[in-house]
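Commentary on secondary and tertiary structure
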Amino acid sequence: MNKKMRFTLTMLIGTVLVLSLTMCKKSDAQAAAENDGALKQVNLKMIAPGTPQVDQALVNASISEYLADELNVNFEFEQIDWAGWQDRNNLIIASGEEVDVLFTAPWSGYETNAAKGAFLDVAEMLPEYAPGIANSNYNWTLVAGKVGDKLYGIPTYQMMAQQRGFLVNKALLDKYDMEFDESKVYSPEDFEPYLKVIKENEPNIIPLYTLHSKLLSFTDPWERQGPLEVTSIDATGDEAVYQNIYKSDMYIKNMKIARDWFEKGYVNADIATTREDPINMLAAGNCFAIVFQTNPPARASQEKMCGKELAGFHLMPAFMATSLIQGAMFSIPRTSKNPERALMFLDKMHTDKKLVNMLVYGLEDRHFVKVSDNAIKAAPGIDPDKPSYYNLQWMFGNQALLYTYGDEDPEAPSLLDKFNQDAIKSPALGFTYDSSAMRNEIAALSNVAAEFDPVISAGVVDVYKEGTYDTFLAKLEAAGIDRLLEDQNKQLNEWLSQQ
Amino acid sequence: MKKRSLTEITIPSKILINLIFIIVSLICIVPFILVISVSITDESIIMREGYRLIPSVVNLSAYEYLFTDINQIVRSYMISIIVTASGTLLSLILTAMYAYPLYRKDFPFRKFFAFFIFFTMLFNGGLVPFYIMYTQVLNLRNNLFALIMPFLLNPFFVIIMRTYFTQNIPDSVIESAILDGAGELRILTKIILPLAMPVFATIGLFVTIIYWNDWFMSLLFISKNENISIQYYMYKTMLNIQFMLNNPQAAAMAGSIKIPSETIRMAMAVVGIGPIVIAYPFFQRYFVKGLTVGAIKG
């Protein structure tokens, strides 16, 4: 027993040591190849969220090689799984890890990190090192990456505009021979007859399945970022002014409709409490309509998810707001030793078609083959469901430069441009509110909203009769909504006067 | 009429006792069976009918989805097993080597070292310094040892072990061993260790579970997908599905794959539970033995 134990022990410790040695990261010390007088070779590390790709090392090496003449960098791109992104991103910034290009967005703490001084201001360097970005036809998006006059983030040019409404099961639409006009902007009242038909003829199908947080916050064009924001700017309006969402005419009207629909049984009865993802219900054929983005590309991807043909009833024109532009950005952290080179790389990412496609799809012939000039498909031997290299299309540089993959619409890149340019621009486009002075008010207001929003916006109770609505408004006032509005409008007006 | 012996149990109370234990066992087992049966149910059936003990349509797509990556699963399993086994062993050795001197009354800096380890229970550096230490000072990123080291010495277990020693092993045992000519190492391995088997089993079980359930260290330190532990593999598969469901743009990337999220969750629980189920009976043997030995000696 004793000998056996000692043997096992030695074996185990041995295994651990051997394994830890072999797994040690190999030092990437490479003799820095001096390029007669040109740029010295440096390491360039880029970090973004995403599923780590099997062939990342190969693609990194190819990109370094491709950029050897112009940038001469030893490129390393590391993707951090979505599951660990928030934690790792915070730790990278807090620990001052050396990174040259880092992904950022409001949903990964852009504002806080910018305020902390985690990113370099590249406003002055931009014309010299990134002329491609500075002179692009979408350089107006740069305002969203600014805080004051400091430029911290370079927005990726992607599907920035948004259009929301109802996504419905097309088969049911056809079954009852109902009219549908894709180009029209519907009002909720226009949509009611459709719900009525389904309610009367399909007893097993819920006409509209939604979550309370989505019903109203998603059917009106507020420029808000979170579902519980209580003040915002109407992104499709003419006037840039913050107002109390819950007191606006638009909201009150929709609130009454929600109540009406709930009473008529058009909406799922468990709306106030359910956490089921509506898209699953649509896929399972349990409901007729859901609240969602209705722009054509978003609809197309949902069609794939559901395996059903869908139709999108727009409830608003396509619009563009600061928070939507900020959806994907790259910044240069202050820990970067070569910010100029990092900026040059970012510029390449926005202008170099080959580079962007390499970052997203990998290497030609190895990961994809060309079908036509701008369309590609998976290379032979690559399973399209489990590719060894395939990244998110909306993350890198300029999405309009991308090839279309597989059965994607070959017109998609040009549609993207048109969609973004045609969208109604928010009157406060580019303004980012600095909330640091109002932390307490915002926390208090969120608490009040969290308590009342499910009841009010779901239409489950008659908020007027019960006096809930008045109580809610009174509580918002007590929590300091007027102070918040005052501060927001003050900052907004200052910003407007500088434009 | 037969006279009832004192230890005999009447039929009604037998039934009652059995009933109680049957119910208790059911409460433990039924949820587990439910997890298994949900994991083999068709996703759309769950949407329509909810959870059922006996699935009306059996569908193994959740397992198919999980096992498309069979190599990765086997590898992650191996990593978890190596980390758990070697981590538990090293941890037990270290804990014993810290706790034993604290128990010895003739150890000169006993009070200082007792306080030294106790202090870390009250105050610690926090996550960021911890991360900096591991990645920039010790340079353990992408190193298997980064998964083992953080849990090697737990002050709470040291205190438990020391308390066990002081309460169960009288000083005279050590004195007599010294008189018999045993060296320090021999005393520890031949006398203390066998006497303290129950506490080793208990702490061993705790540490095993800590190592087996850990996913956070993989999240922090391992960036190469193939070297992560099974728990983190499951965790991230789950979160990635969630992300795809909530993000239409990312979902577009997944193409037309239908993701059975509800069933996958359950399938993961089934796959992840594996070795721990086996570990319990193994440790239980020591538990029972340790308890009875302790009882006889009083």
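Source: prediction; values computed, not measured. (Residues numbered from 1 in each chain as written. Chains lettered and ligands numbered in written order. Predicted model: local features only at pLDDT ≥ 70, side-chain atom pairs only at ≥ 80, totals over all residues. Heavy atoms only, no water.)

1. Thoughts on the overall build of chain A
Using the following cut-off: The helix count covers DSSP runs of H or I at least four residues long, the strand count covers runs of E at least two residues long, and both are numbered beginning at the N terminus. Think of it in three bands: with a 1.4 Å probe and only protein chains considered, a residue is buried below 20% of the maximum accessible area for its type, exposed above 50%, and partly exposed in between. Note on contacts: a residue pair qualifies if any of its non-hydrogen atoms lie within 4.5 Å across the two residues. The accessible surface values rely on the Shrake-Rupley method and a 1.4 Å probe; as for residues, cover is taken only from the protein chains in view.
Helices and strands together make up the secondary structure of chain A, namely 19 helices and 18 strands. In chain A, buried positions account for 55% of the 499 residues. For chain A, the proportion of contacts with a sequence separation of at least 24, taken over those separated by at least 6, is 78%. For chain A, the computed accessible surface area is about 22000 Å², with 51% contributed by carbon and sulfur atoms.

2. Overview of the side chain of Asn227(B)
Residues and elements named next belong to chain B. Note the cut-off: Polar contacts, as counted here, are pairs of nitrogen or oxygen atoms within 3.5 Å of one another; within protein the pair requires one atom able to donate a hydrogen and one able to accept it, and residues that are adjacent in sequence qualify only if both atoms are side-chain atoms.
Topologically, Asn227 is positioned in the loop between helix H12 (216–221) and helix H13 (230–246). For Asn227, a relative accessible area of 7% puts it in the buried group. A polar contact of 2.6 Å, which involves the side chain of Asn227, links it to the side chain of Arg75.

3. Digging into the side chain of Asp214(B)
Test applied: The charge count includes Lys and Arg as positive and Asp and Glu as negative, but it does not include His or the ends of the chains. What counts as a salt bridge is simple: a side-chain nitrogen of Lys or Arg found within 4 Å of a carboxyl oxygen of Asp or Glu.
Within the secondary structure layout, Asp214(B) lies in the loop between helix H11 (197–213) and H12. The side chain of Asp214(B) sits in the buried core without any salt bridge; Arg88(A) is the nearest counter-charge, 13 Å away. Of note is the side chain of Asp214(B), whose polar atom sits 3.3 Å from the backbone nitrogen of Phe216(B). Sequence-distant contacts of Asp214(B), defined by excluding residues within four places in its chain, comprise Phe151(B), Ser229(B) and Gln231(B).

4. Notes on the packing of aromatic side chains
All names here are of chain A. Inclusion rule: By convention, a stacked pair of Phe, Tyr or Trp rings (six-membered ring in the case of Trp) has centres within 6.5 Å and planes under 30 degrees apart, an edge-to-face pair has planes over 60 apart, and any other such pair is tilted. For a lysine, the NZ atom is tested; for an arginine, the CZ atom; a charge sits over a ring if that atom is within 6 Å of the ring centre and within 35 degrees of the ring normal.
As enumerated under the stated definition, the model contains 49 aromatic pairs over all chains in all. Pairing Tyr194 with Phe313 gives two aromatic rings, centres 4.9 Å apart and planes at 70 degrees, and the pair type is edge-to-face. A residue pair is termed long-range when its members are at least 10 positions apart, and Tyr194 in helix H8 (residues 188–201) and Phe313 in strand E12 (residues 310–314) qualify at 119 residues. As far as burial versus exposure is concerned, Tyr194 and Phe313 are alike and both buried. Of the aromatic side chains, those joined through ring pairs into one cluster are Phe166, Phe180, Tyr186, Phe191, Tyr194, Trp261, Phe288 and Phe313. Positioned above the aromatic ring of Tyr186 is the side chain of Lys184, whose terminal nitrogen or guanidinium carbon lies 4.7 Å from the ring centre. The ring of Trp140 is capped by Lys425, whose NZ or CZ atom sits 5.0 Å from the centre of that ring.

5. Points about the nonpolar core
Convention followed: In these notes, a set of buried Ala, Val, Leu, Ile, Met, Phe, Trp, Tyr and Cys residues joined through side-chain atoms within 4.5 Å is what counts as a nonpolar core.
Within the largest apolar cluster, 128 residues are counted, with the highest numbers of intra-cluster contacts made by Met46(A), Phe330(A), Phe345(A) and Leu359(A). Of the residues forming this core, the biggest block, 12 residues, is contributed by helix H4 (residues 70–103) of chain B. Setting aside chain neighbours within four positions, we find Phe345(A) in contact with Leu44(A), Met46(A), Leu67(A), Leu71(A), Phe75(A), Val101(A), Leu355(A) and Leu359(A). If you look at the next biggest cluster of nonpolar residues, it comprises 29 residues, including Ile456(A), Phe472(A), Leu492(A) and Trp495(A).

6. Comments concerning the pattern of salt bridges
As enumerated under the stated definition, the model contains 24 salt bridges over all chains in all. For Arg141(B), the salt bridge identified is with Glu97(A), shortest N-O distance 3.0 Å. Placement of the pair is Arg141(B) in the loop between helix H6 (127–137) and helix H7 (145–148) and Glu97(A) in the loop between helix H3 (82–94) and strand E3 (101–104), with the two residues belonging to separate chains. Classification of Arg141(B) by relative accessible area gives buried; the value is 15%. Glu477(A) is the salt-bridge partner of Lys247(A), the closest N and O atoms lying 3.9 Å from each other. Of this pair, Lys247(A) sits in the loop between strand E10 (243–244) and helix H10 (249–264) while Glu477(A) sits in helix H18 (residues 468–478), and the two are 230 residues apart along the sequence. Residues participating in the shared-partner salt-bridge network are Lys45(A), Glu76(A), Glu78(A) and Arg88(A).

7. Considering the pairing of E3(A)
Residue and element names in this part refer to chain A. Rules: For two strands to be treated as a pair, DSSP must find at least two bridges joining them.
Here E3 shows a buried face lined by Val101 and Phe103 and a second buried face lined by Leu102 and Thr104. Pairing analysis gives 2 bridges linking strand E1 (residues 42–49) to E3, with the strands arranged parallel. Paired with Ile47 across the strands is Leu102, a residue of E3. Two strands pair when backbone bridges link them, and E3 and strand E14 (residues 329–331) are joined in this way by 3 bridges, in the antiparallel orientation. Its bridge partner lying in E14, Thr104 is registered against Met329.

8. Digging into the packing of H8(A) against H10(A)
Residue and element names in this part refer to chain A. Selection rule: Convention adopted: a line fitted to C-alpha atoms gives each axis, helices being fitted over their contacting stretch, and angles between N-to-C directions are expressed from 0 to 180 degrees. Put simply, angles under 35 degrees are roughly parallel, angles over 145 are roughly antiparallel, angles from 65 to 115 are roughly perpendicular, and the rest are oblique. Here the term charged refers only to Asp, Glu, Lys and Arg, the term nonpolar to Ala, Val, Leu, Ile, Met, Phe, Trp, Tyr, Cys and Pro, and the term polar to all other amino acids, Gly among them.
Contact geometry for H8 and H10: axes closest at 12 Å, N-to-C directions at 10 degrees. The angle between H8 and H10 places the two elements in the roughly parallel class. Listed contacts from H10 to Pro188, Glu189, Phe191, Glu192, Leu195 and Lys199 of H8 are Lys253, Asn254, Ile257, Asp260, Trp261 and Lys264. Among the residues making up the contact of H8 with H10, the classes are represented as 5 nonpolar, 1 polar and 6 charged.

9. Focus on the environment of Leu120(A)
Residues and elements named next belong to chain A. Inspection of the secondary structure assignment puts Leu120 in the loop between helix H4 (110–116) and helix H5 (126–129). Its relative accessible area of 24% is what places Leu120 among the partly exposed residues. Apart from residues lying up to four places away in sequence, Leu120 is in contact with Leu151, Tyr152, Ile332, Pro333, Arg334 and Pro339.

10. Considerations on the sheet that holds strand E8 (residues 206–208) of chain A
Residues and elements named next belong to chain A. Ordered by their spatial adjacency, 4 strands build an open sheet running E8-E11-E7-E12, and the pairing between neighbours is mixed. Since the sheet does not close on itself, it has two edges, and those belong to E8 and E12, each with one partner. Neighbour-to-neighbour, the strand axes of the sheet open up by a mean angle of 25 degrees, direction not taken into account. Bridge count for E8 against strand E11 (residues 287–293) is 2 bridges, and the pairing is parallel. Across the sheet, the residue bridging to Ile206 is Cys287, located in E11.

11. Focus on the packing of helix H8 (residues 155–168) of chain B against H11(B)
Residue and element names in this part refer to chain B. Viewed as axis vectors pointing N to C, H8 and H11 meet at an angle of 170 degrees, and their least axial separation amounts to 10 Å. Taken together, the axis directions place H8 and H11 in an arrangement best described as roughly antiparallel. Note on element contacts: H11 touches H8 through Pro198, Val199, Phe200, Ile203, Phe206, Val207 and Ile210, opposite Phe157, Ile160, Met161 and Tyr164.

12. Quick notes on a negative patch on the surface
Put simply, the rule reads: Patch membership requires more than 30% relative accessible area and the absence of a salt bridge. Residues of like charge join within 9 Å; the nonpolar side chains Val, Leu, Ile, Met, Phe, Trp and Tyr join within 5 Å. Every charge is mapped onto a representative atom, which is NZ of Lys, CZ of Arg, CG of Asp or CD of Glu.
Together, Asp174(A), Asp177(A), Glu179(A) and Asp181(A) line one region of the surface with negative charge. Looking at the secondary structure, you find Glu179(A) in the loop between helix H7 (170–175) and H8.

13. Quick notes on the confidence of the model for chain B
Residue and element names in this part refer to chain B. To keep it simple, the criterion reads: Note on scores: pLDDT gives the predictor's confidence for each residue, bounded by 0 and 100.
Chain-level statistics for chain B give a pLDDT mean of 83 and a share of 86% at 70 or above. When pLDDT is averaged over each element of chain B, H7 comes out on top at 93 and helix H14 (residues 248–254) at the bottom at 45. Note on residues 248–258: pLDDT is under 50 here. Beyond four places in sequence and across chains, it has 22 contacts. Contacts of residues 292–298 to residues separated by more than four positions or lying in other chains number 1 contact, the stretch itself having pLDDT below 50.

14. Thoughts on the sheet that holds strand E15 (residues 368–370) of chain A
Residue and element names in this part refer to chain A. Here we have 3 strands laid out as an open sheet, ordered E15-E16-E17, and mixed in their pairing. Two strands in the sheet have a free side with no partner beyond their single neighbour: E15 and strand E17 (404–405). Sheet topology places strand E16 (residues 375–378) next to E17; 2 bridges connect them, and they run parallel. Across the sheet, the residue bridging to Ile376 is Tyr405, located in E17.

15. Focus: H3(A)
All names here are of chain A. Heads up, the condition is: To estimate how far a helix should extend, the number of its residues minus one is multiplied by 1.5 Å. Fitting axes to the seven residues that end at a residue and to the seven that start at it, the angle between those axes gives the bend at that residue.
Helix length check: H3, at 13 residues, gives a terminal C-alpha distance of 19 Å against a target of 18 Å (1.5 Å per residue), a fit within 8%. Along H3, the helix axis deviates most sharply at Arg88, where the bend reaches about 30 degrees. All of the buried residues in H3 are Trp82, Ala83, Gly84, Trp85, Arg88, Asn89, Leu91, Ile92 and Ile93. One or two steps after H3, the chain reaches Gly96, where phi turns positive at roughly 65 degrees.

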